[in-house]
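Survey of secondary and tertiary structure
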Amino acid sequence: MSAQDIIETEVRDIVRRQSLDPLTEHAAVRRIVADVVDRYDERSLIVDLPVVEEPDELSSEVFNAVAGYGVLQRYLDDPSVEEIWINEPSRVFIARNGRSELTTTVLTADEVRDLVERMLKTTGRRIDFSTPFVDAMLPDGSRLHVAIPDITRTHWAVNVRKFVVRATYLEDLVAFGTLTHQAARFLEAAVHAGLNVLVAGGTQAGKTTLLNCLASAVPASERVVSCEEVFELKIKLPDWVAMQTRQANLEGTGELRLRHLVKEALRMRPSRIIVGEVRAEECLDLLIALNSGLPWCVKAQCRCDGAKRGDLLPDQSGPGRRRAGCGPSTRRLRSARPQARVADRRDPHRQRPQRVQRQAAARIRRLAR
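First, a word on what this report is: a plain description of the structure on this page. (Residues numbered from 1 in each chain as written. Predicted model: local features only at pLDDT ≥ 70, side-chain atom pairs only at ≥ 80, totals over all residues. Heavy atoms only, no water.)

A short note on the packing of aromatic side chains
The cut-off we apply is this: Ring pairs are drawn from Phe, Tyr and Trp, using the six-membered ring of Trp, whenever the two centres fall within 6.5 Å, and their geometry is named by plane angle: stacked under 30 degrees, edge-to-face over 60, tilted for the rest. Throughout this description, buried means an accessible area under 20% of the type-specific maximum (1.4 Å probe, protein chains only), exposed means over 50%, and partly exposed covers the range between. Note on criteria: charge over ring means Lys NZ or Arg CZ within 6 Å of the ring centre, with the direction from the centre no more than 35 degrees off the ring normal.
Evaluation of the coordinates by the stated rule reveals 1 aromatic pair. Both rings, one in Trp85 and one in Phe93, keep their centres 5.8 Å apart while their planes meet at 5°; by these two values the pair is stacked. On the basis of relative accessible area, Phe93 is assigned to the buried category, the value being 13%. In this structure, Arg30 packs its charged tip against the face of Phe63, placed 3.8 Å from the ring centre.

Comments concerning the packing of helix α2 (residues 26–43) against helix α3 (residues 55–67)
Between two packed helices, both the angle of their axes relative to each other and the distance between the axes serve to describe the pair. Going by this rule: The axes are straight lines fitted to the C-alpha atoms, using for helices just the contacting stretch, and the angles between their N-to-C directions are given from 0 to 180°. For helices the rule is a DSSP run of H or I covering at least 4 residues; for strands it is a run of E covering at least 2, with both sets numbered from the N terminus onward. Each angle gets one of four labels, with under 35 degrees taken as roughly parallel, over 145 as roughly antiparallel, 65 to 115 as roughly perpendicular, and the rest as oblique. Each crossing gets its hand from how the near helix is turned against the far one by less than a right angle, where anticlockwise is left-handed and clockwise is right-handed. In this description, contact between two residues means that some pair of their heavy atoms is separated by no more than 4.5 Å. Any residue that is not Ala, Val, Leu, Ile, Met, Phe, Trp, Tyr, Cys, Pro, Asp, Glu, Lys or Arg is counted as polar, Gly included; the first ten are nonpolar and the last four charged.
For the pair α2 and α3, the least separation of the axes is 10 Å and the interaxial angle reads 135°. Accordingly, the angle class assigned to the pair α2 and α3 is oblique. Like other packed secondary-structure pairs, α2 and α3 cross with a definite hand, here right-handed. Facing α2, whose interface residues are His26, Val29, Arg30, Val33 and Val37, α3 presents Pro55, Ser59, Val62, Phe63, Val66 and Ala67. Partitioning the contact of α2 with α3 into residue classes produces 8 nonpolar, 2 polar and 1 charged.

Description of the environment of Thr154
As for its position among the elements, Thr154 is in the loop between β5 (143–147) and β6 (157–161). Owing to a relative accessible area of 51%, Thr154 belongs among the exposed residues under this scheme. Put simply, Thr154 and Glu88 are 66 residues apart on the chain and 8.2 Å apart in space, counted from C-alpha to C-alpha.

Focus: the pairing of β5
Residues in a regular strand project their side chains so that they alternate between the two faces of the sheet. Short version of the rule: At least two DSSP bridges between two strands are required for those strands to pair.
Counted residue by residue, β5 has 4 buried out of 5 residues, so it is predominantly covered. As paired strands, strand β4 (residues 133–137) and β5 are joined by 5 bridges and run antiparallel to one another. Each bridged residue has a counterpart across the sheet, and for Met137 the counterpart in β5 is Arg143. Linkage of β4 to β5, two consecutive antiparallel strands, is achieved through a turn of 5 residues, within which Gly141 is found at a positive phi near 95°. With 5 bridges connecting them, β5 and β6 associate as antiparallel partners. Counterpart to Ala147 in the pairing with β6 is Ala157.

Describing the pattern of salt bridges
Using the following cut-off: Should a side-chain nitrogen of Lys or Arg be within 4 Å of a carboxyl oxygen of Asp or Glu, the pair is scored as a salt bridge.
Scanning the model with the defined rule gives 17 salt bridges in all. Close ionic contact of Glu10 with Arg39 constitutes a salt bridge, the shortest N to O distance being 3.3 Å. Note that Glu10 is positioned in helix α1 (residues 3–17) and Arg39 in helix α2, a separation of 29 residues in sequence. Here Arg39 falls in the partly exposed class, since its relative accessible area comes to 36%. For Glu101, the salt bridge is made with Arg96, and the minimal N-O distance between the two is 3.0 Å. Overall, the relative accessible area of 32% leaves Glu101 in the partly exposed class.

What follows is the structure in structure tokens.
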């Protein structure tokens, strides 16, 4: 056995005897690793044991193996790495600055399974033959997606998309050159006016980053409720409630779909509702929320595609939904002129004076010139 294997085995025994959770009690595990490495270094002077050349590096590797995510931990700690994915145990890729790289990391099939189980331990989600896909969020905010055979051909497919926050406000996007100053002012005025915002784009286009920046422009006096499949948004508002979906348990019950979250959000007296990816029947509930004066979001490849999806997805909610008249609501998204949200006159807290609406619309038209 190598020095790392001996030290790692001893550290795991101590952690087990002390009933520590290595994924949450990092400080205690680091102390144990440091003590075990020091004692091993002293024993190696009088006993025939493999010599430790770099104690600090060995301590870091042992800690990553016990309390981290093994060989993948160094990529998770590297701020330049945006995404990590495993096609097969011997082919581990990373993405830096939008470019993919094949790493020299080589794993075994058992190590991949152990890593996935460790990542899912704190999420309350599972993956098995009855549920061959899983989406989860790691403690650092990274998003995990796993698919297993026989959905995949042979090996487990693992994707870890790191949540790299480079922009929090619209001004940050202007500083990075993503938006012009006029575009940022226009979007800020649209958010203040309570308009419906459609965030569209391809994978890794920055939809979540833009949505976070738009949410930062929401007035602090408003109540925001967000519904997501996996927690991704990090909204800096005092009155914000975040909800995420839940998969079914082993008995096949307890599933909470995105549509359920949208319905519950409508009962939480929100000023605004922010929804992540809209793919299916939850679009109908968003259209209902739209008519009650609450904004909604659809992620698509382009603005026109998003409007079409908003018109077609309610068909998936059940028979007869098209006759309910979903088309006119989504046709408003295709209009070139932004539409102010409709105030709910039954609730005085949601009423917005017409004079304020006219001023907001006039301000947006000036910024759009």
